[in-house]
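# Results of the structural survey
Now for the letters of each chain:
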Amino acid sequence: MATEETAGGARRATKSKLFEFLVHGVRPGMPSGARMPHQGAPMGPPGPPYGGSPAVRPGLPSTVMEPSRKRPAPSQQVQQQQQAVQGRARKKPVGFPGANEIPARPMDMREPQSDPTLGSNAKRRKMADKILPQRIRELVPESQAYMDLLAFERKLDQTIMRKRVDIQEALKRPMKQQKRKLRLYISNTFNPARPDADDSDGSIASWELRVEGKLLDDPGKQKKKFSSFFKSLVIELDKDLYGPDNHLVEWHRTPTTQETDGFQVKRPGDVSVRCTLLLMLDYQPPQFKLDPRLARLLGIHTQTRSCIIQALWQYVKTNKLQDSHDKEYINCDKYFQQIFDGPRLKFSEIPQRLTNLLLPPDPIVINHVISVDPNDQKKTACYDIDVEVEDPLKGQMSSFLLSTANQQEIASLDNKIHETIESINQLKIQRDFMLSFSRDPKGYIQDWLKSQSRDLKLMTDVVGNPEEERRAAFYHEPWSQEAVSRYFYCKIQQRRQELEQALAVRNT
């Protein structure tokens, strides 16, 4: 479909331009600039142990609280570690890598499809990963073209999504049927008897009737079969010639019916036969023939149930039959009294009362003569029948919603864009590391060692500062008296519980 190809092509072209700009538009010789905020990529200089994928130092398992050291409970310890990591992430100097930042790919960089539990938050993070940080945009002014493409892509996606929702809402509403012409072709052939024929079929004269048809000016790619327009087909032959048991040929649609382009009837005979064709159209939605009295009143012969009820309501409003005091009732006029047998009628009773006034629609009746005259063999009778078909736009709208064309290519381009952005972020972090190191190598190394020492404590069970704890002045702080009191109180409570448990066991 043209709309589907246009939308898919626009999205694919936008993705391709984004990826090409990222690959070819960002120059390696970027000028010096301010620090870029951390985007989740590994920090540190290029190469091991900070670049690539070095081995991560595993944290030691949590141990039980030692009485000789002031350590919190394991749950409080984990909470303190998380708070310390968040605090240092906000205050860390430019380019200082931490031990928790060594893995080459953080966990929040996973694909949304890899874990269904991530939900919409993962998708939002994935979209945010495509945005170049402000610091990089300041270093490379040409990157504004990439941001413009990204904004255009977002606008295009929003437009396509809005159109999809509009199409879904349109498909929920009943669409108006289109009236088309179905041309019906009726022909027959005659096979005279052949005395020298070996088989029994050739030695007996017979005729063959064909009933075929097609939709005129059918623009659809998939042609509808002739039988799909009918609910049933009955061919009635001369009862005097073929008897009461063999004069009817019937076809009725069932759920397992295979659609066909035509019907053939073959019978023995060497005289012309009059036949009657009864064709019952398959109306979608179903239509009904109205009772003659109601049909004259509403001016409708055959129509759908909803149209009939709408015509009834229009008649009630036009003739002001609705009760002015009780709006639920209709005061029937003389015509309604003849049809519905009562002076008053409730609105809720109309569908039930209407059931007895709706009849099956009349079949299409065609009288045809099956001629055995050789001069009439090439004659074909043609009839045009008005049928209602679905709007071809409905099929195109459904195929557009179900189409997955270009989705794999778009997803591949998305992955390339994310990988390129991640690579740019990593290069920027490595550049900031080198710049900081080149400005003050000694101070940078000292600060970096302090940061690594703090991170090492978080990865192990060591809490506190051993260097401060080994000095006597540390234990003369104002908090020491309270800490000792709390320590002895906890020990007394612990010993008391042990004694109570021992006594309880002894008494039992």
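If you look at the biggest cluster of nonpolar residues, it comprises 32 residues, and the most contacted ones within it are W207, L209, F230 and I235. Sorting the residues of this core by element identifies β1 (178-191), β2 (206-215), β3 (230-236), β4 (248-252), β5 (262-268), β6 (273-281), β12 (364-370) and β13 (381-389) as the ones contributing at least two each. The dominant element in this core, judged by the number of residues it contributes, is β6, at five residues. If sequence neighbours within four positions are ignored, L209 has contacts with I186, S187, N188, I235, F263, Q264, V265, C275, H368 and I370. Formed by 21 residues, the second largest nonpolar core is a distinct cluster that contains L290, A295, A311 and L312.

What follows covers the packing of aromatic side chains. All chains considered together, the criterion is met by twelve aromatic pairs. For the pair W207 and Y242, a centre-to-centre distance of 6.3 Å together with 85° between the ring planes defines the contact as edge-to-face. Within this pair, whereas W207 is found in strand β2, its partner Y242 is found in helix α6 (residues 239-242), the two being separated by 35 residues in sequence. One exposure class covers both W207 and Y242, and it is buried. Judged by centre distance (6.1 Å) and plane angle (80°), the ring pair of F437 and Y444 falls under edge-to-face. For F437, a relative accessible area of 33% corresponds to the partly exposed category. The class for Y444 is buried, based on a relative accessible area of 4%.

As a further point, take the pattern of salt bridges. One pass over the full model with this rule turns up 19 salt bridges. A salt bridge links K130 to D414; the shortest N-O distance between them is 3.2 Å. One end of the pair, K130, is in the loop between α3 (119-128) and α4 (134-139); the other, D414, is in helix α12 (residues 407-439), and 284 residues separate them in sequence. Residues K130 and D414 agree in their burial class; the two are buried. For the salt bridge of D323 with R344, the shortest nitrogen-to-oxygen distance reads 2.7 Å. In this pair, D323 sits in the loop between α8 (305-318) and β9 (329-331) while R344 sits in strand β10 (residues 344-346), placing the two residues 21 residues apart along the sequence. By sharing partners, the salt bridges in this structure join K130, E153 and D414 into a single network.

Below, the discussion takes up the sheet that holds β6. Read across the open sheet, the four strands follow the order β4-β3-β6-β12; overall the sheet is antiparallel. Both edges of this open sheet fall to β4 and β12, since each of them pairs with a single strand only. Between one strand axis and the next, the sheet turns by 15° as a mean value, whatever way the strands run. By the bridge criterion, seven bridges tie β6 to β12 in an arrangement that is antiparallel. Within β12, the position partnered with T276 by the bridge is N367.

Right, let's talk about a nonpolar patch on the surface for a bit. A grouping of V484, Y487, F488 and I492 is seen on the molecular surface, where their side chains present a nonpolar patch of about 400 Å² in accessible area. By secondary structure assignment, the location of V484 is in helix α15 (residues 479-507). Judged by its relative accessible area of 42%, V484 is partly exposed.

Of the residues in the chain, 72% have a pLDDT of 70 or more, and the chain-wide mean is 76. Looking across the chain, the model is least confident in helix α2 (residues 74-91), with a mean pLDDT of 49, and most confident in β3, with 92. Low pLDDT (under 50) marks residues 26-75, which in the prediction has 95 contacts with non-local residues, meaning those over four places away or in another chain. Across residues 88-124, where pLDDT falls below 50, the model places 65 contacts with residues more than four positions away in sequence or in other chains.

Leave glycine aside and you will find that most residues have negative phi; peptide bonds, for their part, are mostly trans. In this structure, P285 follows Q284 across a cis peptide bond, with omega equal to 0°. Mapped onto the elements of the fold, P285 is located in the loop between β6 and β7 (287-290). The backbone phi angle of K320 is positive, close to 55°, even though this residue is not glycine. Mapped onto the fold, K320 is located in the loop between α8 and β9. Under the relative-accessibility criterion, K320 is labelled exposed at 72%.

In this section: α8. In this model, α8 (14 residues) spans 20 Å end to end at C-alpha, consistent with the 20 Å of a helix rising 1.5 Å per residue. Within α8 the residues assigned to the buried category are I308, A311, L312, Y315 and V316. End-on view of α8: buried residues confined to an arc of 140°, all on one side of the axis. Within α8, the exposed residues directed more than 90 degrees away from the buried face are S306, Q310 and T318.

Inspection of the secondary structure puts L358 in strand β11 (residues 358-359). Taking the C-alpha atoms as reference points, L358 and R305, 53 residues apart in sequence, are found 8.6 Å from one another. With sequence-adjacent residues up to four places away left out, L358 is seen in contact with F288, K289, L290, R305 and I308.

Here we come to the packing of α12 against helix α13 (residues 441-459). Direction vectors running N to C along α12 and α13 enclose 120°, while the axes themselves pass 5 Å from each other. Our classification of the angle between α12 and α13 gives oblique. For the pair formed by α12 and α13, the contact residues are F433, S436, F437, S438 and R439 on the first element and P441, Y444 and I445 on the second.

With that settled, consider the pairing of β1. As paired elements, β1 and β13 share nine bridges and run antiparallel to each other. Bridged to K181 within β13 is D386. Note that β1 and β2 share ten bridges and pair antiparallel. Its bridge partner being in β2, F190 is matched across the sheet by W207.

Basis of the calculations
- Residues numbered from 1 in each chain as written.
- Predicted model: local features only at pLDDT ≥ 70, side-chain atom pairs only at ≥ 80, totals over all residues.
- Heavy atoms only, no water.
- Core = buried A, V, L, I, M, F, W, Y, C linked by side-chain atoms within 4.5 Å.
- Buried < 20%, exposed > 50% of the residue type's maximum accessible area, 1.4 Å probe, protein only.
- Helix = DSSP H or I, 4+ residues; strand = E, 2+ residues; numbered from the N terminus.
- Contact = heavy atoms within 4.5 Å.
- Phe/Tyr/Trp six-rings, centres within 6.5 Å; stacked < 30°, edge-to-face > 60°.
- Salt bridge = Lys/Arg side-chain N within 4 Å of Asp/Glu carboxyl O.
- Pairing = 2+ DSSP bridges.
- Axes fitted to C-alpha atoms, helices over the stretch in contact; angles between N-to-C directions.
- Patch = residues over 30% accessible without salt bridge, like charges linked within 9 Å, V, L, I, M, F, W, Y side chains within 5 Å.
- Areas by Shrake-Rupley, 256 points an atom, 1.4 Å probe, with all protein chains shown as cover.
- pLDDT = per-residue confidence, 0-100.
- Expected span 1.5 Å × (residues − 1).
- Arc of directions from axis to C-beta.
- Parallel < 35°, antiparallel > 145°, perpendicular 65-115°, else oblique.

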